[in-house]
Amino acid sequence: MAVPVPGFSDEHFQAAGRALEEAAPPVAGGAWELLVEAAGVHIYRLLHQNSGLYEYKIYGSLPDCSPELCADVYMDLDYRKQWDQYVKELYEKTDDGKKVIYWEVKYPFPLSNRDYVYIRERREMDVNGRKVWIVLAKSVCVPQCPEKPGVIRVKSYEQTLVIESDGEGGSKVYMYYFDNPGGMIPSWLVNWAAKSGVPAFLKDMQKACLAYHKET
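Computed from a predicted model, the values in this text were never measured in an experiment. (Residues numbered from 1 in each chain as written. Predicted model: local features only at pLDDT ≥ 70, side-chain atom pairs only at ≥ 80, totals over all residues. Heavy atoms only, no water.)

## Notes on the overall build of the chain
Which entries qualify depends on this criterion: Runs of E in the DSSP output that reach at least two residues are strands. Runs of H or I that reach at least four are helices, and both are numbered from the N terminus. Note on exposure labels: buried denotes an accessible area under 20% of the residue type's maximum, exposed denotes more than 50%, and partly exposed covers the range between, all computed with a 1.4 Å probe on protein chains only. Per-residue and other accessible areas follow the Shrake-Rupley method at a 1.4 Å probe size, with only the shown protein chains counted as cover for residues.
When helices and strands are counted, the chain shows 4 helices and 10 strands. Its helices and strands in sequence order give the chain the pattern α-β-β-β-α-α-β-β-β-β-β-β-β-α, from N to C terminus. Split into buried and exposed, the 216 residues of the chain put 44% on the buried side. If you sum the accessible surface of the chain, you get close to 11600 Å²; carbon and sulfur atoms cover 52% of it.

## As for the layout of surface pockets
For clarity, the threshold we go by: Note on definitions: the grid is 1 Å and covers protein atoms alone; a cavity is a set of points where a 1.4 Å probe fits but cannot get out; a pocket is an open set with protein on both sides within 12 Å along at least five of seven lines; lining residues have an atom within 4 Å of a point. Grid points are joined across faces, edges and corners, and a volume is the space filled by probe spheres set on the points.
Taken as a whole, the largest pocket encloses approximately 1100 Å³ of empty space. Around the largest pocket, the lining is made up of 43 residues, and of these Tyr116, Tyr177, Asp179, Ala193 and Val198 lie nearest the centre. Mapped onto the lining of the largest pocket, the elements with two or more residues apiece are β3 (53-62), α3 (77-83), β5 (98-105), β6 (114-127), β7 (130-139), β9 (157-165), β10 (171-179) and α4 (187-215). Ranked by the residues each element gives to the lining of the largest pocket, the list is headed by α4, at 11 residues. Taken as a whole, the second largest pocket spans an internal volume of roughly 300 Å³.

## Considerations on the pattern of salt bridges
Under the convention used in this document: Throughout this description, the term salt bridge denotes a Lys or Arg side-chain nitrogen within 4 Å of a carboxyl oxygen of Asp or Glu.
For the structure on display, the rule yields 15 salt bridges. For the salt bridge of arginine 122 with aspartate 72, the shortest nitrogen-to-oxygen distance reads 2.8 Å. Placement of the pair is arginine 122 in strand β6 and aspartate 72 in helix α2 (residues 67-75), with a sequence separation of 50 residues. Judged by its relative accessible area of 25%, arginine 122 is partly exposed. In this structure, lysine 131 engages glutamate 124 in a salt bridge whose closest nitrogen and oxygen atoms are separated by 3.4 Å. According to the relative accessible area criterion, glutamate 124 is partly exposed, its value standing at 42%. One network of salt bridges, with partners in common, ties together Asp72, Arg122, Glu124 and Lys131.

## What to know about helix α1 (residues 10-21)
We count it as follows: Every helix has an expected span of 1.5 Å times one less than the residues it contains. By definition, the arc is the one covered by directions from the helix axis to the C-beta atoms. Any two residues whose heavy atoms approach within 4.5 Å at even a single point are treated as in contact.
For α1, which comprises 12 residues, the first-to-last C-alpha distance of 17 Å matches the rise-based estimate of 16 Å (1.5 Å per residue) to within 8%. Those residues of α1 not exposed but buried are Phe13, Ala16, Gly17, Ala19 and Leu20. On an axial view of α1, the arc spanned by its buried residues comes to 150°, and they lie on one face. The inward-facing, buried residues of α1 contact β6, β7, β9 and β10.

This is the structure we're talking about:
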């Protein structure tokens with residue numbers, strides 16, 4: 001019997017749209033900690049009490065890349081395999097009428113690669129007179145994507161991406177991110193991924209957007 005694949009509600013998208021309107025999380029006296037402030041990127045983290053891991057909120061920008069272009073690039077799985085060096089395997093399949101994505105991520109030796117099985121949905125919305133592009137993603141468990149030997153399955157994954165125009169031909173970006181990578185991950189790698197990996201990802205995505213624009 002096929003396992004039903006849950007989707008996203010209107011409230012999920014409305015909440016994501018409101019998040020971009022909010023100011024950055026308060027740091028002084030609050031639970032969110034400012035982790036990185038560099039090159040126009042602000043990364044905050046919050047201790048996830050149940051797991052001992054962190055949730056992240058990222059505020060950044062992609063100059064010279066329109067919101068629609070950013071959303072198109074982010075959704076294009078085949079193109080991501082060209083510009084994201086950490087993709088080992090990435091594809092979409094249909095499970096019980098719903099699209100499910102399989103994604104294997106390269107980890108540095110001697111760590112095992114991680115893989116994800118997740119759903120995502122993109123919507124364009126009006127938030128208080130402003131047009132925003134929202135992509136939601138979360139992990140799911142389906143029998144059609146069994147775990148593979150030597151690869152650790154990430155079973156708890158959530159991501160929100162909200163994009164709007166910066167009024168100057170570029171985009172403002174907000175991202176919420178949480179996953180539980182499982183296994184023993186060194187603290188240096190976790191810190192590197194947050195402090196260096198996210199800004200590098202935004203820079204790579206900006207380059208990909210500009211190249212995508214030329215190709216299309």
